[in-house]
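The chain contents come next:
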Amino acid sequence: TNGSSGFDRELSEPGKLYYPIYKYINDNKLDLYFDCAYNDLFGEIKEDGKVKSIALVKKDEQMYEICQDYDVLLTLLENIDFKNKYFNILFDGITKVRDLFWYGEKNAKDKAKEVLNNLLSIKGDNNHLPKIHALGHAHLDLAWLWPIRESKRKAVRTLTNVFYLIEKYPNFTFVVSQPQQLIWIKERSLKMFNKIKEYEKQRRIEIVGGSFVEFDTNVSGEEQLARQVLY
């Protein structure tokens, strides 16, 4: 994804930052094919749409876990009242983790993981809190600021990535909310479509939504919306 996109970084970071390849290396060789398109999220092509950097790297799994845990706890800290009895505990803990790396302490990663695990293990006082289930979803406008052919390619790329996430994370579940995407995938790759059906039976992919596409209610008439739902 174009790293210089006009997309607001506050919403999320554009860009596919990391993809594992170790399983695909054969006889110390690897062929990579890059599927690229000359479009930006809002139709604004920045810096001529060039691929600016690609790097072959070794991922530090422990550091990755630390970053993920830290992000969760920092988000929690930013959203609870400072009068909350856990506020200072959280503040002191994540500040300690920051300082471990800031001042380059010895065994910083091991010490940070210990602090983060302790913070994440704290249980709240209320035993009647609701149970939250988080499911993956990828919103895809079927007629956005690119040609329909690009929407079809994006549907295939999105579900290919979903297969990777399902295989990597045993508890990962994904929802598909637009049947039209499934029709396109069936037309372009019956193998992929059959794999979706297989994952649906395993309840790893859930088919949801009350209409055929996620429509724009600002421009559609009443009959069009009713037909969407009925179909």
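See above for the structure.
Colleague: I tried to follow the overall build of the protein chain on my own but got confused; where do I start?
Modeller: Summing up its helical and strand segments, the protein chain has seven helices and two strands in all. The N-to-C order of helical and strand elements in the protein chain reads α-α-α-α-β-α-α-β-α. The proportion of buried residues among the 231 residues of the protein chain is 26%. Residue pairs in contact within the protein chain that sit at least 24 positions apart in sequence constitute 65% of those at least 6 positions apart. When the accessible surface of the protein chain is summed, it comes to about 17,600 Å², and 53% of that surface belongs to carbon and sulfur atoms.

Colleague: Sorry, what's going on with the nonpolar core here?
Modeller: The nonpolar side chains of a soluble globular protein tend to be buried, and buried together. Membership of the largest hydrophobic core comes to 21 residues, with the highest contact counts inside it found for L159, V162, I185, I196 and I205. Ranked by residues supplied to this core, first place goes to helix 4 (residues 148-168) with six residues. Each residue touching L159, except ones within four places of it in the same chain, is listed here: V176, Q181, I185, M192, I196 and I205. With 13 residues, the next largest nonpolar core counts L77, A108, A112 and V115 among its residues.

Colleague: Can you help me understand the packing of aromatic side chains in this one?
Modeller: Given two aromatic rings, one states the distance between the centres and the angle between the planes to describe the pair. Scanning all chains against the criterion turns up five aromatic pairs. Aromatic pair W102 and Y103: ring centres 6.3 Å apart, planes at 15°, arrangement stacked. Taken as a pair, W102 and Y103 share a single burial class, namely exposed. Sitting over the ring of Y64, K59 keeps its end group 3.7 Å from the ring centre.

Colleague: Quick question: what am I supposed to make of a nonpolar patch on the surface here?
Modeller: Among the surface-exposed residues, L32, F34, V51 and I54 lie close enough to one another that they form a single nonpolar patch of about 440 Å² accessible area. With respect to the helices and strands, the residue L32 is situated in the segment before helix 1 (61-79).

Colleague: Looking at this structure, I do not really get the pattern of salt bridges. What am I missing?
Modeller: When charged atoms on two side chains of opposite charge get close, those side chains can pair. Using the criterion set out here, one finds ten salt bridges in the structure. Residue K113 is joined to E65 by a salt bridge in which the shortest nitrogen-to-oxygen separation is 3.8 Å. Of this pair, K113 sits in helix 3 (residues 108-120) while E65 sits in helix 1; the two residues are 48 residues apart in sequence, bridging distant segments of the chain. Of the residues examined, K113 reaches a relative accessible area of 15% and is grouped as buried. For E65, a relative accessible area of 39% puts it in the partly exposed group. Put simply, R98 and D99 hold a salt bridge, and the shortest N to O gap is 2.9 Å. Within this structure, E65, D69 and K113 form a network of salt bridges that share partners.

Colleague: Can you help me understand the packing of helix 2 (residues 87-102) against helix 3 in this one?
Modeller: For any two helices packed against each other, the geometry is given by the interaxial angle and the distance between the axes. Where helix 2 meets helix 3, the axes come as close as 9 Å, and the angle between the chain directions of the two elements is 170°. It follows from the interaxial angle that helix 2 and helix 3 lie roughly antiparallel. Where helix 2 abuts helix 3, its residues I89, L90, G93, I94, K96, V97, L100 and F101 lie against A108, K109, K111, A112, V115, L116 and L119. Considering only residue class, the contact of helix 2 with helix 3 consists of eleven nonpolar, one polar and three charged.

Colleague: Teacher, can you tell me more about the packing of helix 4 against helix 5 (residues 179-188) here?
Modeller: In contact at an axis separation of 9 Å, helix 4 and helix 5 are set at 85° when each is read in the N-to-C sense. Between helix 4 and helix 5, the angle falls in the class roughly perpendicular. Between helix 4, through I148, S151, K152, R153, A155, V156 and L159, and helix 5, the contact on the second element is made entirely by Q181, W184, I185 and R188. A per-class count over the contact of helix 4 with helix 5 returns six nonpolar, two polar and three charged.

Colleague: Looking at this structure, how should I read helix 3?
Modeller: Note: α-helices contain 3.6 residues per turn, so residues at a spacing of three or four share the same orientation. In a regular helix each residue adds 1.5 Å, so 13 residues correspond to 18 Å; helix 3 covers 18 Å between its end C-alpha atoms and thus fits that length. Along helix 3, the positions that sit buried rather than exposed are A108, A112, K113, V115, L116 and L119. Buried residues of helix 3, viewed axially, fall in a sector of 165°; they line one side. The elements touched by buried residues of helix 3 are helix 1 and helix 2.

How each quantity is defined
Residues numbered from 1 in each chain as written. Predicted model: local features only at pLDDT ≥ 70, side-chain atom pairs only at ≥ 80, totals over all residues. Heavy atoms only, no water. Helix = DSSP H or I, 4+ residues; strand = E, 2+ residues; numbered from the N terminus. Buried < 20%, exposed > 50% of the residue type's maximum accessible area, 1.4 Å probe, protein only. Contact = heavy atoms within 4.5 Å. Areas by Shrake-Rupley, 256 points an atom, 1.4 Å probe, with all protein chains shown as cover. Core = buried A, V, L, I, M, F, W, Y, C linked by side-chain atoms within 4.5 Å. Phe/Tyr/Trp six-rings, centres within 6.5 Å; stacked < 30°, edge-to-face > 60°. Lys NZ or Arg CZ within 6 Å of the ring centre and 35° of its normal. Patch = residues over 30% accessible without salt bridge, like charges linked within 9 Å, V, L, I, M, F, W, Y side chains within 5 Å. Salt bridge = Lys/Arg side-chain N within 4 Å of Asp/Glu carboxyl O. Axes fitted to C-alpha atoms, helices over the stretch in contact; angles between N-to-C directions. Parallel < 35°, antiparallel > 145°, perpendicular 65-115°, else oblique. Nonpolar A, V, L, I, M, F, W, Y, C, P; charged D, E, K, R; others polar. Expected span 1.5 Å × (residues − 1). Arc of directions from axis to C-beta.

Nothing here speaks to function; it is all geometry.
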